[in-house]
Amino acid sequence: MEHFEDQHGKEHDSALSVNRGVSQPPVVNPHFRRVKRHSLSTDEYMKGILEGNITILSQAITLVESLRSDHYAQAQEIIERCLPHSGRSIRIGITGVPGAGKSTFIEAIGNMVTRLGHKLSVLAIDPSSERSKGSILGDKTRMETLVHNPDVFIRPSPSAGSLGGVARKTRESIILCEAAGFDVIFIETVGVGQSETAVHSMVDLFLLLQIAGAGDELQGIKRGIMEMADMIAINKADSGNERRAEIARSHFANALNLFPMPESGWKPKVYTCSAVEGNGLPEIWNGIEDFLKFTKQIQKNGYFQHNRNRQNKYWMYESINEALRESFYRNERIENEIERYEQLVLANQKSSFVAAKELLTLYFDSIKR
Ligand code: GDP
């Protein structure tokens, strides 16, 4: 083992020597805490949102994401008042494993979309934030040019609560963004776990971003995710990688041929693109517009509206489930008892069913009063 000296000149056996940093004042601005932020009235929020004021939109989303019960009522009122002004956007879900190029892709296609006259909002659902409190998607250095584009509003994933809770908040944020005049909404998620299903339940079109491997692209990708995709793009088709991307494209196209026709009546297409060089992006955007035009045709099957209606129904149940869960786990008696029950179940002194039943009885008794 190597020997290191720490800043006091003391020698110790560790590869991890920590240098003491320069001491800092407790807060940058010592008066900061004394300035109490004026909290806006619901009318002020509404006025700001409908005027497309991004600062106020952002504050309203913070309110929606807040777990404080006094924020909840006001947030719900804002959402309700935004509803008549919402719905007039296209909602696009984008997924892909870390490193597939999602943020590079969103940045490139996002700038292109705003040049076409759209206002774009980029939201995210990041399942990693639930456990680690960090995030895969939340890196501030991502999408640098998009951040400075005045027609773009970017919001990282809500971080607190269960995936269901995070997804519900994102879904509510969509409504606020639409009321603020954003007519294209991207919802990004990382291709691990359950978050694709959550995103799929709130978008009109789902795009799967892939990269070409050594012919084994199809392994490791869950059939369910392929089935959800309305469109697949093989990214990084540049720098000599074009042929491999083309091979991957045909593999995916062949695999999709084996699936039954989706309910939308639209056979998913597979594209190649380079988010860095911009090749293939206009074709992908045209493909998105074609899909939406097709699914909006009432004389076909009216899938677009049907899908949104069904999503509304789904979210009604999700909201109920979420509210019940919150009410249960935040109930004081449950909070006091649940750990003891957990230990009894772990020690095999109570069956899980009996424990659940007793806890539920405790809960129902406590809300009756
Ligand atoms: P994410 O994790 O899916 O958001 O992926 P990123 O957008 O952060 O990209 C991961 C890495 O792939 C970065 O180093 C990008 O520069 C690179 N990358 C993204 N898109 C392309 C592309 O079209 N071509 C090439 N050659 N590299 C790309």
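So, here is what we can say about the structure in this document.

Here is what the cut-offs are and how they apply
Note that residues are indexed from 1 along each chain, following the sequence as it is written. Owing to the predicted nature of the model, reporting of local features is limited to residues with pLDDT of at least 70; listing and counting of side-chain atom pairs is limited to 80 or more, with chain, interface and lining totals taken over all residues. No hydrogens and no water enter the side-chain calculation; it runs on all heavy atoms of the structure. To obtain each axis, a line is fitted to C-alpha atoms, and for helices this fit is confined to the stretch in contact; angles are then taken between N-to-C directions over 0 to 180 degrees. Numbered from the N terminus, helices here are DSSP runs of H or I no shorter than four residues, and strands are runs of E no shorter than two. To sort the angles, those under 35 degrees are grouped as roughly parallel, those over 145 as roughly antiparallel, those from 65 to 115 as roughly perpendicular, and the leftovers as oblique. Rotating anticlockwise by less than a right angle from the far helix to the near helix defines a left-handed crossing, while the corresponding clockwise rotation defines a right-handed one. Here, residues are in contact when the closest pair of their heavy atoms is within 4.5 Å. Any residue with a heavy atom positioned within 4 Å of a molecule or strand is treated as near that molecule or strand. Pairing of N or O atoms within 3.5 Å defines a polar contact, subject to two protein rules: one partner must be a possible hydrogen donor and the other a possible acceptor, and residues neighboring in sequence count only if both atoms are side-chain atoms. To be clear on the numbers: accessible area is Shrake-Rupley with a 1.4 Å probe, and residue cover counts the displayed protein chains and nothing else. Whether two strands pair depends on DSSP finding at least two bridges between them. Centres within 6.5 Å are what make two rings of Phe, Tyr or Trp a pair, Trp counting through its six-membered ring; a difference in plane orientation under 30 degrees is then read as stacked, over 60 as edge-to-face, and the rest as tilted. Three exposure classes are used, based on accessible area relative to the maximum for each residue type with a 1.4 Å probe and protein chains only: buried under 20%, partly exposed in between, and exposed over 50%. Any Lys NZ or Arg CZ that is within 6 Å of a ring centre and within 35 degrees of that ring's normal is treated as a charge sitting over the ring. Any Lys or Arg side-chain nitrogen found within 4 Å of a carboxyl oxygen on Asp or Glu counts as a salt bridge.

1. Description of the packing of helix H7 (residues 163-179) against helix H12 (residues 303-329)
Think of two packed helices as two axes; the pair is described by the angle between the axes and how far apart they sit.
Reasoning step 1: Direction vectors running N to C along H7 and H12 enclose 130 degrees, while the axes themselves pass 10 Å from each other. Regarding the angle of H7 to H12, the classification is oblique. In the crossing of H7 with H12, the sense of the turn from one axis to the other is left-handed. Residues Gly164, Gly165, Ala167, Arg168 and Arg171 of H7 touch H12, and the partners they reach there are Gln311, Asn312, Trp315, Ser319 and Glu322.

2. Here we look at the site of the ligand
Reasoning step 1: Around the ligand lies a shell of 15 residues, among which Gly99, Lys102, Thr104, Asp238 and Ala275 are the nearest.
Reasoning step 2: Here an oxygen atom of the ligand and a side-chain polar atom of Lys102 are 2.7 Å apart.
Reasoning step 3: Within the side chain of Asn235, a nitrogen or oxygen atom sits 3.1 Å from an oxygen atom of the ligand.
Reasoning step 4: Within the complex, 67% of the 580 Å² of free accessible area of the ligand lies under protein.

3. Topic: the sheet that holds strand E6 (residues 184-190)
Reasoning step 1: As summarised here, the arrangement of the seven strands in space is E5-E4-E6-E3-E7-E8-E9, forming an open sheet in which the pairing is parallel. On the outer flanks of this sheet lie strand E5 (152-154) and strand E9 (269-272), each paired with one strand and no other. Between one strand axis and the next, the sheet turns by 20 degrees as a mean value, whatever way the strands run.
Reasoning step 2: Note: strand E4 (residues 120-125) against E5, three bridges, orientation parallel. Across the sheet, the residue bridging to Ser121 is Phe153, located in E5.
Reasoning step 3: Across the sheet, helix H11 (residues 281-296) touches strand E3 (90-96), E6, strand E7 (205-211), strand E8 (231-235) and E9, and the angle it forms with E3 is around 130 degrees.

4. Looking at the packing of aromatic side chains
The relative placement of two aromatic rings is captured by the distance of their centres and the angle of their planes.
Reasoning step 1: If you walk through the whole model with that rule in mind, you get seven aromatic pairs.
Reasoning step 2: Residues Phe153 and Phe182 carry aromatic rings whose centres are separated by 6.0 Å and whose planes lie at 40 degrees to one another, so their mutual orientation is tilted. Of the two residues, Phe153 is situated in strand E5 and Phe182 in the loop between H7 and E6; the sequence distance between them amounts to 29 residues.
Reasoning step 3: In this structure Phe153 comes out as buried when scored by relative accessible area, which is 4%.
Reasoning step 4: Lys119 extends its terminal NZ or CZ atom over the ring of Phe182, reaching a point 4.5 Å from the ring centre.
Reasoning step 5: When the ring centre of Phe304 is taken as reference, the NZ or CZ atom of Lys296 above it lies at 4.7 Å.

5. Concerning the environment of Phe186
Reasoning step 1: Within the element layout of this structure, Phe186 appears in strand E6.
Reasoning step 2: Residue class for Phe186 comes out buried when judged on its relative accessible area of 1%.
Reasoning step 3: Placed 17 residues apart in sequence, Phe186 and Val203 show a C-alpha to C-alpha distance of 8.7 Å.
Reasoning step 4: Contact partners of Phe186, with chain neighbours within four places excluded, come to Ile92, Ile94, Ile106, Ile109, Gly110, Leu120, Ser121, Val122, Leu123 and Trp285.

6. As for the pattern of salt bridges
Pairs can form between side chains of opposite charge once their charged atoms are near each other.
Reasoning step 1: With the rule as written, the count across this model stands at 15 salt bridges.
Reasoning step 2: Close ionic contact of Arg325 with Glu322 constitutes a salt bridge, the shortest N to O distance being 3.2 Å. Note that Arg325 and Glu322 are positioned in helix H12 at a spacing of three residues, about one turn of the helix.
Reasoning step 3: Under the relative-accessibility criterion, Arg325 is labelled partly exposed at 39%.
Reasoning step 4: When its relative accessible area of 7% is taken as the criterion, Glu322 is described as buried.
Reasoning step 5: Notably, a salt bridge pairs Arg330 with Glu326, separated by 3.4 Å at the nearest N-O pair.

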